[in-house]
Amino acid sequence: MLDDGDAAANRDKAVKLRLSGAGLHFPSLPSPKKQVFAYDPNEFEEFVEEWVPALNARYVRVERHGGSGDHGVDVAAYLTPQAMEGEWHNYQCKHYGDALTWSKAAPEIRKLFASVVQKRYTLPSRYIFAAPIIGRSLVKQFARPSDTRAKFLAELASTRDPVITALSAAERESVASLAQSTDFSMFEPVDMDEMLDLHKTTRHWADRFAQPLPPRPQVMNPPAEYTPLEARYIQKLLDAYREEWGEEADTLERVAEIEDARDHLNRQREAFYSAESLRVFARDATPEGHFEAVLDDIHAIVVEVARGRHPSALDRLQAVLVTAGQVVLTETILAKQVRPLDRKGVCHHLANDDRLTWRQGGKA
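What comes next concerns the included structure. (Residues numbered from 1 in each chain as written. Predicted model: local features only at pLDDT ≥ 70, side-chain atom pairs only at ≥ 80, totals over all residues. Heavy atoms only, no water.)

### Points about the environment of A131
- When you line up the elements, A131 lands in the loop between strand 4 (126-130) and helix 5 (136-142).
- Filtering out sequence-adjacent residues up to four positions away, A131 remains in contact with F44, K94, L100, V190 and M192. (Helix = DSSP H or I, 4+ residues; strand = E, 2+ residues; numbered from the N terminus. Contact = heavy atoms within 4.5 Å.)

### Here's the deal with the packing of helix 11 (residues 231-245) against helix 13 (residues 259-285)
- The geometry of helix 11 relative to helix 13 is characterised by a closest axis approach of 11 Å and an angle of 155° between their N-to-C directions. By the criterion of interaxial angle, the relationship of helix 11 to helix 13 is roughly antiparallel. Between helix 11 and helix 13 lies a crossing of right-handed hand. The residues of helix 13 that touch helix 11, namely those facing Y233, I234, L237, Y241 and W245, are D260, A261, H264, L265, Q268, R269 and F272.
- Its residues assigned to classes, the contact of helix 11 with helix 13 shows eight nonpolar, two polar and two charged. (Axes fitted to C-alpha atoms, helices over the stretch in contact; angles between N-to-C directions. Parallel < 35°, antiparallel > 145°, perpendicular 65-115°, else oblique. Left-handed = near helix turned anticlockwise from the far one by under 90°. Nonpolar A, V, L, I, M, F, W, Y, C, P; charged D, E, K, R; others polar.)

### What about the pairing of strand 2 (residues 75-78)?
- Residues V75 and A77 line one face of strand 2 and the alternating positions A76 and Y78 line the opposite face, and both faces are buried.
- Direction of pairing for strand 1 (residues 61-64) relative to strand 2: antiparallel, over a ladder of four bridges. Its bridge partner being in strand 2, R61 is matched across the sheet by Y78.
- Pairing of strand 2 with strand 3 (residues 88-93) involves four bridges; the strand directions are antiparallel. Bridge pairing in strand 3 places A77 opposite H89. (Buried < 20%, exposed > 50% of the residue type's maximum accessible area, 1.4 Å probe, protein only. Pairing = 2+ DSSP bridges.)

### Considerations on helix 4 (residues 102-117)
- Taking 1.5 Å per residue as the helical rise, helix 4 with its 16 residues ought to reach 22 Å, and the 22 Å between its terminal C-alpha atoms agrees with that figure.
- For helix 4, the tally of buried residues reaches 12 of 16 residues, placing the bulk of the element in the interior.
- Among all positions of helix 4, only W102, A105, A106, E108, I109, R110, L112, F113, A114, S115, V116 and V117 are buried.
- One or two positions beyond helix 4, positive phi appears at K119, with a value near 60°. (Expected span 1.5 Å × (residues − 1).)

### Focus: the side chain of N56
- Along the polypeptide, N56 turns up in the loop between helix 3 (41-51) and strand 1.
- Classification of N56 as buried rests on a relative accessible area of 17%.
- Within the structure, N56 has its side chain in polar contact with the backbone nitrogen of R58 (distance 2.7 Å).
- With residues up to four places along the chain from it excluded, the contact list for N56 reads L79 and H89. (Polar contact = N/O pair within 3.5 Å; in protein donor to acceptor, adjacent residues only side chain to side chain.)

Structure, rendered in structure tokens:
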């Protein structure tokens, strides 16, 4: 009889030995930076919308406003439930074939002040220009907030920008007054490398920049000796065998003497190690959480079958295994690698985690 042991501590060690030398290698693809450079403006806004929440845990909501009539707000990040009536940050997305310069940034600042004067929204406390390439001259310009404000006001007086010329004389005066009283340190550019480094911490990175998976290594064969890794799911199988064959099947040694029970156990171990191979492959070749997503997908469906009425524990197990083979998995980079035997093995992984059981009256 196996006890649970320290299965979690032994899992990676046992499997790693059997998959050593697998040699996982990723095919070559354009770097994430090159992929972002190739985005159209809409795709770039989506990328920024994914990145912004990772900047500040205090954001209560992040919304994308980009498109015609956005009044100079592409992505808005709110620090209070009052949204634009409270403190908020504006992320202006500028995706050009060349660097973002002052001549391209200044019209956006004019649009900002005009929109505030027209009461479309309140003045954000930060205004961040996000672009694949930020001109060095613009970086230096924003590093001198007082000079930037003076430069802006000087140009404002003679600009022919329709955003300003369409305003009434009183509104133009209000724009100048607002700009004069604003601390221009609120304007800042963000470096693309900084954006990518932070985007890596989000759940979107794997889907946006996922590399094709390497070939999956050969599925492990179950070791001759039972391991602590298998303790819980095998104990649950023994409970089912005992219900089916009585005291003659209450230990692994006795199960080995019953042909049907022995063959059944061997098949379940093969399935378990097939799923365990998938788990290690996912650990080494995909971002964290992909194997767990497969577990959750299958559990969400088969748990209803497991909790139904069945003549015996083995009938319950059989019904669960058949259902697991029919579950539609969420589309991820790992889902296409899942084989039929893996699905059966996932059920035993779920049993190992006490999320499924087979004996009538047990916890499912």
